Structures are given as structure tokens and as C-alpha cells.
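These are the residues of each chain, in order.
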Amino acid sequence: MHPQKKLNYSMIKITLPDGSIREFAKGSSAMDVAMSISEGLARKVLSAQVNGETVDANRPIDTDATLRLNTWNDSEGKSTMWHSSAHLMAEALEAFYPGAKFAIGPPIENGFYYDVDFGDQSLSEKDFERIESKMLELAGQKNEYIRKSVSKAEAMAYFTEKGDPYKLELIADLNDGEITFYTQGNFTDLCRGPHIPNTGHIKAAKIMSVAGAYWRGDEKNKQLTRVYGITFPAKKELDEYLVLVEEAKKRDHRKLGKELELFHFSQRVGQGLPLWLPKGAALRARLENFLKEAQRKSGYEPVITPHIGSKELYETSGHWAKYGKDSFQPIETPVEGEVYMLKPMNCPHHCEIYKSKPRSYRDLPVRYAEFGTVYRYEQSGELHGLTRVRGFTQDDAHIFCTVDQVKGEMAKVIDLVLYIFKTLDFKDFIAQVSLRDPNNPDKYIGSLQNWEKAERAIQEVADEKGLKTVVEYGEAAFYGPKLDFMVRDAIGRKWQLGTVQIDYNLPERFELDYTGADNQKHRPVMIHRAPFGSMERFVAILIEHTAGKFPLWLSPEQVRILPVSDKFNEYSQSVSTELNNCDIRALVDERSEKVGKKIREAEIDKVPYMLIIGEKEESNGTVSVRKQGDGDLGEMSIAAFAHLINEAVKQQVN
Ligand SMILES: [Zn+2]
Ligand SMILES: [Zn+2]
């Protein structure tokens, strides 16, 4: 028999996510597999995971493989759709702006962008609609995304002829033999894929915004126009998305932070360096005290370390190599030879605290906690409210323990995170377990035995705690596996919060040890954990999650006292004093305004309780209570009201 013929007839085994195994002719595609299941399914397939790699659904599969079909319902499917939409948008832009040059066009969390050099022309909001219409017109042609392997010379020739210096620069960095083009309709792009089968999947398109972006993120390069867009497989989904965008705008922490007087940025202080205003500082202090108390109960010991450290400290930790050149530059002293760095991480300082005395196995675990402020340089274009800043305070802690204690410590950390989520009303979350890449065992430091123990411990604990988990292979850091919590906020957006990271690296670099029961020296394991992440980012998420209506226990102003006229200011002040003595944060609105106006403003300021004070209240020694959103609760004694508030707070934090 002819050998090639024999190959054609050979079969491959495809393992589906449910564990079932089916046989197909060699060279079958994910689309063929989908068709064999149902035509309806095949119509929904956007791309596929073959042995963990995302590929075009029509790519031939030549070996036994695990296969997952990506549809709009999973993140890989969305990502393929949006990446393909960037090509479609480029085609539409080219129709109106001939000669436009295209840089890069990746998918992002919501949609995609393309960085474009429009030359002498420019793109503004009034152009969006015609681009959207053009995209839908082209989508309606159901053009296939056709893949073609090209040599480096061919690729260079194509973009030289087209006159696109950005693509030429990208090609220069690629290896000959690994370059592919994709063409849909009249547009050909340098791309490794994958893409959706054809443009017909795109049924709704919206250009969201434009912004400036430097080529390759470098301020020395030319500024390009970043065009943001999003697409959907149905018009209805686009409409729903736009409602969500409006809601998100209302909740934007930068807007609410200003309105509620929580924080402020001053150019004179410096970019990305937040100033906490009194109400914001009160909110943050409540959060910190809440966590400090929970940590005290869990056996953490507070420590305090300086905001700078010697260069040598960070050379030992490895942070010099990581942050030295690309972050804030070293601080030099008037005396030569001393060099310091702004602290980018708290861990090295805590390692030195561990080393401050000899340790025995009986001392472990040791848990050091610090609200430690760190500084990292971010490009000015990357700064964003409190979520991307240049100085921030981590709710940091480091646990030093034996390998056998890892599981118990992980369990305690998870309990702490769950307690925080419950108190702050984050109900919807999952835990991501990041493990080693099984195909790349040499990438990791630490013994194989320790890794296996720790990875098993994380997974077992997550199961025992009933966490909803996703396991990601290859996502572990080189120095240890980790567990990340992802929460969904009140309007369905995902945020990463709370990281727990096992570390075999720093104990090695700092030569940490303890004396075991066997009288020998051993290395402890280090666990880094920060349930909030940073106070800045967490407060931003909390503002957007609650739309500024913080739970009563956290509200910077829990009660506003509203005298109906100046005559009652004095009694109102005495009510305020009495409440403050009961640990309730109350302020008096003493302005000579109509009480109706005062109520409206207190509602806008999202103050949970209002107390109306007039003739009757003063002579009875009482207050009339209004609750934000609920209206009138009637007249009661000051003591009864204080009791009501304190009980409500106790309910929230217990
Ligand atoms: Zn592409
Ligand atoms: Zn750390």
C-alpha cells in the first residue's frame, strides 16, 4: 500500500470535556467534530481548544487530542470573536481612510481595540456610526477568515508594498516559517490567529471610544489612535451591554469619590498619588480596623517597616532585577556609597524580621501582618483613579511555616477571605487555583515533593471549604502555586481580589531556617496573602459595587441631623454629641436651608439615616428618624435610636 494513502485512512482519538472519547479520521477539524454532535452546535462554534491551545475551528487535527469547542458562552469564544472583530473594524476603517496604517489589534476584557496611524486624517465620535454600519455590511457578507502560511520575505514584500511600517517592524521580530496571514473580504492582516469561521457571526457592532496610544507603549514613539469597539452575536446583547456601561459610568469610583469627598488627586503632589480626604480616611480606617481585628483573632502579629530599603535588600530578594531599572530610580544619600529604593514589596523586610532571632519548629507558624505602603512606577497613561496608582497600601501578611503546616494555614486564610466577603456582601465569587505547567517542570524552583504537597493542599482545602474553583495549569509563579479570588460585583463585572501565594524562593534567597524536631536546620515555606489586595483598589471596587451606598458599619457619615430651623441647632448638637459618645458618626446640617432641601441633599450624599429635629422633638427629648430609601421610621428616644444603629452594625460585622 502507498504510505501516504495509509496515513489518510488512519484515525485519531478525540477526548471531549465530558471524558468521552470518539474516533475521527486524521485531519478532521473541531468543526467536523461539532457537526458530528449536532448542526446546531456547529453553528455556534467560534474556535476550539486543541490540547489546550486555542485554534481555528477548521484547522485539521493530526494527532490524538483533547478538544473543547469554544462558543460565545465562554471567555475563549468571546475572545476569538472580538479579536476577529478587530480585523473587521480594520477593514471598515480602510474603506473610509485609505492609507491608514495598522499596528496591533487585540481582544480585551470587553471587546477589542486596534491601534491605527491615520496619518493626516483623524477619527472622531461623529464618524463612529458610519464605521459601525460598514462593519455590519461587511459582516453580512459572511466572509471567511482564510489562513495562509507565508515566508518572511513574502510577508515583508506585502507590507512594504502596502506601506505599513508597524507590521514590518512586527514581522522583523518573527521567525521565518512561523508567519501567517489571515484574509477576510478585502483585508489581509499579519496574525497568528485564531479567528471565527466567518464574519457572519457578528450581528451587532459598536465603536466605543478613541484614545491616544504610543506605538509599543513607548512615549518616545509616535502616538497612534486606539479605536475601541465591541461586537455581539445579537443586537439585544449589545443593547443590554450599553445599559450596563451607563450603569458603570454612574458607579465610576472616580466620579463618586469626588462627589462623596473620599479622595483627591493633586498634580502638584504628583500623578497616581492619592490623597485621602477625611471621609475617605474614615472609611479606610474602618476597613483596616475590621481586618486588624479579624487578623488578631487569627493569630497574626502586626509589624511595622520603613518605606525604603537598601539596594542590597532588594538585590537579595530579586526585586532589584525586577523593579530596579523600570521603576522609581534609586535614592542616594549625601554620603557616597549608600543607595536606597522606595519599597516595591513588603516581603523582604518581613524576611529580615523573621531572621531577627533563631527559630525552632515550635515557633512556627509565624504570621506577620502590616498595612505596608509600596511604590511602583506606572506610565502616566496607565494610571486610573484608585485602581492603578503609583503608591498604594497593601493589607499584606507573610506566614512562615513548615511544609506540613501549609494546608492548615491555607484553610485559615480562606476562612478570613470568606469572612471579609460575607461582611462586605460579595456573594458571587470563584477561586482560581494556579498550578505548574506539567509540560515545563524545569521552570520552577523548590523540590518536586514540596510542590506536589502544596498543590494538593490548596486543592483539598478549596474543596473542603466548598469553594467554586477553576484550576489553571501553567499559571503558577516560578516560585510557588497560588489561589486567587475573583468576585463579581453588583452589576456583574469581574474583579480579582484576595491573593494567597506560596513561595519557596524568598526563604531560599534570604536563607531563612528553623531548627526541626530532629535538631537539623530546615527551610520554612513562606505564604504571602492580601485579602483586599490594596486599600486603594479595594475601596475603588467597593465604591463601584455599592454605588457609594456603603453598608452602615462602613459609612463615613452614618447619621445626618437636620434641624428644621436655626432655633434647634443647639439641641441638634447635643443629639450629635450623644450619638458620637455611642460610637456613631453623626453630623449636623446647620445651614439655614429648608428641611426638604437638606433631606434631598442627604439622600444624594447617600447618608444612611437622617434625624429631623423640630419643636416636638426638642421638648420630648427625641428624634424623628428617616432611613435612606425606606422613608419615615417615626419618633424615638435618642437612646433607642443609638441602640437601633449599634444593633444594625453588630448584625453586619459579627
Ligand atoms: Zn487576527
Ligand atoms: Zn509578599
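Residues numbered from 1 in each chain as written. Chains lettered and ligands numbered in written order. Predicted model: local features only at pLDDT ≥ 70, side-chain atom pairs only at ≥ 80, totals over all residues.

1. Quick notes on the nonpolar core
- Residues C401, V406, M410, I458, V525, I527 and V539 are the most contacted members of the largest nonpolar core, which totals 64 residues.
- When sequence neighbours within four positions are dropped, the list of residues in contact with V539 reads L283, R284 and L386. (Core = buried A, V, L, I, M, F, W, Y, C linked by C-beta atoms within 7 Å. Buried ≥ 20, exposed ≤ 12 C-beta atoms within 10 Å, placed from the backbone. Contact = placed C-beta atoms within 7 Å.)

2. A closer look at the domain arrangement of the chain
- Taken domain by domain, the chain consists of domain 1 (3-71), domain 2 (76-250), domain 3 (286-304 + 346-546), domain 4 (308-342) and domain 5 (559-652).
- For domain 2 versus domain 5, the separation of C-alpha centres amounts to 56 Å. (Domains from an automatic or database assignment.)

3. Quick look at the sheet that holds strand β20 (residues 366-375)
- What the 8 strands build is an open sheet, ordered β16-β20-β21-β28-β25-β24-β22-β23; its pairing is mixed. Because the sheet does not close on itself, it has two edges, and the strands there are β16 (301-302) and β23 (469-473).
- Taken together, the 7 bridges between strand β24 (residues 482-488) and strand β25 (residues 494-503) define a ladder with antiparallel strand orientation. The residue of β25 that forms the bridge with K482 is Q501.
- Across the face of the sheet, helix α14 (residues 406-423) comes into contact with β21 (391-401), β22 (428-435), β24, β25 and β28 (525-530) while running at roughly 160° to β25. (Pairing = 2+ DSSP bridges. Helix = DSSP H or I, 4+ residues; strand = E, 2+ residues; numbered from the N terminus. Axes fitted to C-alpha atoms, helices over the stretch in contact; angles between N-to-C directions.)

4. What to know about the sheet that holds strand β9 (residues 146-150)
- Read from one edge to the other, the open sheet built from 3 strands follows the order β9-β10-β11, with strand pairing classed as antiparallel. Two strands lie at the open edges of the sheet, namely β9 and β11 (187-190), each paired on one side alone. Between one strand axis and the next, the sheet turns by 25° as a mean value, whatever way the strands run.
- For strand β10 (residues 179-184) and β11, the ladder comprises 4 bridges, and the chain directions are antiparallel. Among the inter-strand pairings, F181 is bridged to a residue of β11, identified as L190.
- The sheet strands contacting helix α4 (residues 75-96) are β10 and β11, and the helix crosses β11 at an angle near 130°.

5. Remarks on the environment of F532
- Residue position: F532 is located in the loop between β28 and α17 (535-546).
- Sequence separation between F532 and V588 is 56 residues; the distance between their C-alpha atoms is 33 Å.
- When residues no more than four places from it in sequence are discounted, the contact partners of F532 are D395, L497 and F538.

6. Regarding the environment of N620
- By secondary structure assignment, the location of N620 is in helix α20 (residues 615-620).
- Here N620 falls in the exposed class, since 12 other C-beta atoms lie within 10 Å of it.

7. Side note on α4
- The end-to-end C-alpha distance of α4 is 32 Å, a good match for the 32 Å that 22 residues give at a rise of 1.5 Å each.
- Across the 22 residues that make up α4, a large majority, 17, are buried. (Expected span 1.5 Å × (residues − 1).)

8. Digging into the pairing of β23
- Pairing between β22 and β23: 5 bridges, direction parallel. Each residue of the ladder has a partner; that of Q432, found in β23, is V470.
- Between β22 and its parallel partner β23, the chain crosses via helix α15 (residues 448-464), and the hand of that crossover is right-handed. (Right-handed = clockwise from strand over helix to strand, strands pointing away.)

9. So, unusual backbone geometry
- Cis geometry marks the peptide bond from G193 to P194; its omega dihedral reads 0°.
- Looking at the element boundaries, P194 is found in the loop between β11 and β12 (204-214).
- Cis geometry is found at the peptide bond from L364 to P365, where omega equals -5°.
- Take P365: it is sitting in the loop between α13 (347-354) and β20.
- Phi at D425 takes a positive value of approximately 65°, unusual for a residue other than glycine.
- Turning to its location among the elements, D425 is positioned in the loop between α14 and β22.
- Even without being glycine, A547 reaches a positive phi, approximately 55°.
- Residue position: A547 is located in the loop between α17 and β29 (559-563).

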